[in-house]
Each structure stands twice: as structure tokens, then as C-alpha cells.
Amino acid sequence: MVSQRLLIPFSRLYAAITDVRNWLYDRKLYESYVADPCVIAVGNLTVGGTGKTPMIEYLIKRHINDRANKPVETATLSRGYGRKTNGFRIATDHDTAETIGDEPLQLYRKFKHQVRVCVGERRADAIRKLLDLEPGIKQILLDDAFQHRAVQPHLNLLLTDYTRPFYADYPFPAGRLRERRHGARRADAIIVTKCPDGLNTTEQAAIRAKIQPYARPDTPILFARLHYGQPIAFADQKPVDWLSEVILVSGLGNAKPLEEYVQRTFSIKKNHRFADHYAYTRADFDQLIRSIAPGDVLLTTEKDWVKLDALLTADERLRLPLYYLPVEMMFLPDDKAKFAALVDNVLLKNR
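Because the structure is predicted, anything quoted here is derived from the model rather than measured. (Residues numbered from 1 in each chain as written. Predicted model: local features only at pLDDT ≥ 70, side-chain atom pairs only at ≥ 80, totals over all residues. Heavy atoms only, no water.)

A. Region of the structure containing the packing of helix H2 (residues 52-64) against helix H11 (residues 333-349). One can describe the packing of H2 onto H11 by two numbers: an axis separation of 12 Å at closest approach and a directional angle of 70°. Between H2 and H11, the angle falls in the class roughly perpendicular. Classified by chirality, the crossing of H11 by H2 is right-handed. Residues Met-55, Tyr-58, Leu-59 and Arg-62 of H2 touch H11, and the partners they reach there are Lys-336, Phe-339, Ala-340, Val-343, Asp-344 and Leu-347. In terms of residue class, the contact of H2 with H11 is built from seven nonpolar, no polar and three charged. (Axes fitted to C-alpha atoms, helices over the stretch in contact; angles between N-to-C directions. Helix = DSSP H or I, 4+ residues; strand = E, 2+ residues; numbered from the N terminus. Parallel < 35°, antiparallel > 145°, perpendicular 65-115°, else oblique. Left-handed = near helix turned anticlockwise from the far one by under 90°. Contact = heavy atoms within 4.5 Å. Nonpolar A, V, L, I, M, F, W, Y, C, P; charged D, E, K, R; others polar.)

B. Highlighting the environment of Leu-142. As for its position among the elements, Leu-142 is in strand E5 (residues 139-143). For the pair Leu-142 and Glu-31, spaced 111 residues apart in the sequence, the C-alpha separation amounts to 18 Å. The residues touching Leu-142, leaving out its near neighbours within four places in the chain, are Val-39, Ile-40, Ala-41, Val-42, Ile-56, Leu-77, Arg-123, Ile-127 and Val-151.

C. A look at the nonpolar core. Grouped together as the largest cluster of nonpolar side chains are 50 residues, with contacts concentrated most on Met-55, Leu-59 and Phe-339. If one sorts the elements of this core by residue count, H2 sits on top with six residues. Formed jointly, this core draws a minimum of three residues from each of two domains, domain 1 (1-226 + 332-349) and domain 2 (230-325). Sequence-distant contacts of Met-55, that is, excluding residues within four places in its chain, are made with Val-42, Leu-159, Ile-191, Met-329, Phe-331 and Phe-339. Core analysis: the second largest hydrophobic core is formed by 19 residues, Tyr-33, Ala-35, Val-72 and Ala-126 among them. (Core = buried A, V, L, I, M, F, W, Y, C linked by side-chain atoms within 4.5 Å. Buried < 20%, exposed > 50% of the residue type's maximum accessible area, 1.4 Å probe, protein only. Domains from an automatic or database assignment.)

D. Inspection of the sheet that holds strand E8 (residues 221-228) at higher detail. The strand order across the open sheet built from nine strands is E3-E4-E2-E5-E1-E6-E7-E8-E14, with neighbouring strands paired in mixed fashion. Edge strands, defined here as strands with exactly one partner in the open sheet, are strand E3 (89-90) and strand E14 (327-331). Where H2 meets the sheet, its contacts fall on strand E1 (38-44), strand E2 (74-78), strand E4 (115-119), E5, strand E6 (155-161), strand E7 (189-193), E8 and E14, and the angle it forms with E14 comes to roughly 75°. (Pairing = 2+ DSSP bridges.)

E. Structural view of the pattern of salt bridges. The tally for this structure, following the rule as stated, stands at 33 salt bridges. In this structure, Lys-84 and Glu-98 form a salt bridge, with 3.5 Å as the shortest nitrogen-oxygen distance. With Lys-84 in the loop between E2 and E3 and Glu-98 in helix H3 (residues 97-100), the pair connects residues that are 14 residues apart, well separated along the chain. Assessed through its relative accessible area of 65%, Lys-84 is described here as exposed. (Salt bridge = Lys/Arg side-chain N within 4 Å of Asp/Glu carboxyl O.)

F. Representation of the side chain of Gln-139. Within the secondary structure, Gln-139 is located in strand E5. Relative accessible area serves as the criterion here: at 4%, Gln-139 is assigned to the buried category. For Gln-139, the side chain forms a polar contact with the side chain of Thr-74, separated by 3.4 Å. (Polar contact = N/O pair within 3.5 Å; in protein donor to acceptor, adjacent residues only side chain to side chain.)

Okay, here's the thing in C-alpha cells:
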């Protein structure tokens, strides 16, 4: 394995290139599109999972709770990582992970009656096309868009993983950063995700002190954790409470929090860890099924469920012991109201 020290010169070169790009946007030499609807961007500085999809779901839920039986006003937009299509698409019942990507498909399956789920590599063009087709859209949630500066959001949310904070990392290839740490100055709020339960105020203050040198002085720094629900059966979409030993299957950017939770709550008999956004094949699925002994159950993530479920026959879906674990973002008690006020203030200004 190449020493991190040997990769530092290449990291400096990579960081210099991203600095030039950001400088061009900062000086208005590159154009940033400002949409009429309120645009909230969710992103990170690092490669890999920081909880962006649970954050998007959190924003969806807080908006739709008060909008039962009303016209759709919210859309999500991402590039659709891993899809085999190009250009702008609005998700429909005919879409799969191959046509829109696994995370957009996950959002569509959960919220298709409340939001428009869209994909498009060129986010500014995609927003224009969306508004031509859906002029009633008033809020657009951009997923993984912190570096996508062709669109200027009204609220820019930066997520950083508690277990892999950006302030302790380096630009690619010596580390996992997509740009230098000082890119955090563009954030309107920084959210430390995947925090352990009971994170005390002393440690919160210590983390804030490490983040603040890279952020604007007035930027709120908030803390959130992941909350896992009861496992849900592939067969009937109903939760169960009797699982004990499980075979865990996951394709995540950072599987450590999931694995720690499953180990605490159940018992991991086998652990099949795949790459983030892994495109499962029927051969993969058959191999997984062969690893299930009588009495075993297979437990996976919601993101992996939408891909594995597409490989099943109707009989297999009913017969095989397959379950997925839903997850949601939860702010620590002191920060929930602060975040709500921040978002509501931006929405109010943009009405």
C-alpha cells in the first residue's frame, strides 16, 4: 500500500486544481444559476457516505407532514450515481436503479406521491427542465451538490461524518477530501452526522472548535445521529421484532455505524460488505442465498433493498427470509429546533 506521505504532493496538486475552479466561481467568472424555487443543497467534502440520503429524507418529511392531499411542491434532484442512462429524468413506476440510481429509486419508492424525484448530471439544466414541466415546484432538494457550483443554493448544508471528520482528512489521493478543508466556508450550516447516542456537550464543544477555523464565523454547527427502525420484510413491507442472528449485506460508503448497530442489536453471523452503490447481479444474489442456512435471515440496507428486490421472482420474494433496515436522521435534542428555524427562515425569505 502506498504511504500517505508519498501521496501528499499529488494531493496538493489536486487541491490546487479545485482551488482554481472555486476561485473562478467565487469571482463570478463561472456562472452559477439561481433558481426561483428555494434550493437546498446537501453535500459533503469527503468521498463516501456521510448520511446525505437520510438528510434529504428528513427535509422531505418535515415539508410533507403538513401537506396531505395537496399539490406536489417539492422535488429532489441528484445526478443518479451508477445509473446507465443520461440526461434529465423524472422518476416513474417503470424506473429501476439502472435508470435513475439506487438512492433516487429509494426516495421514489417512499415518497412518490409527495415529491418529484429527478436525476440529471447538469443540475442547472435539469432544474430549468423540471420547472418547465412542473411550474408548481417551490422547493428543490439537491443531493450531493456541495461541489456542484453551477447552481447557487439558497441554503448550503455540509455534512461531516463523526467517525471521519473532514478536519482530520486530506485531499485525494492522500485522503478522501474532494477539495481543501476551507471549502467548508461555503456552508450555511455544518452538520456532524452519525454521532453516538449521548454525545456530551464537552465533546460537542471540542468538535465545534476543530470545525470553526474552516467555517464562517456565524455558521451554525449542529449534531445528528442515525436512528434505525425495525427490520422490514421484503415480502409484505411489514416490520418484524423477532430477528436474532442475521447475515448482513451492505454496499455503503461507510458501513461501520451500520455494522456496530447491527452487532449491538442482533448478532452478525456473516457479513457481506460490498462497495458503495454496488450493482448486484443475479449471480451475486444466488451466492448470497446459498450462504443462508436453515433458520438464518438476510438483513440489508434500504438502499441495497431496492436493488436486490429487483432481482427476485415473486415466489422468492414471498418465500425467502429477506429483510431491510430503515434508517432516519435525528438531530440531537438541542439542535432540532435550531435546524428547523434555519430552514424555515430560508423558506420564508424565498416565498
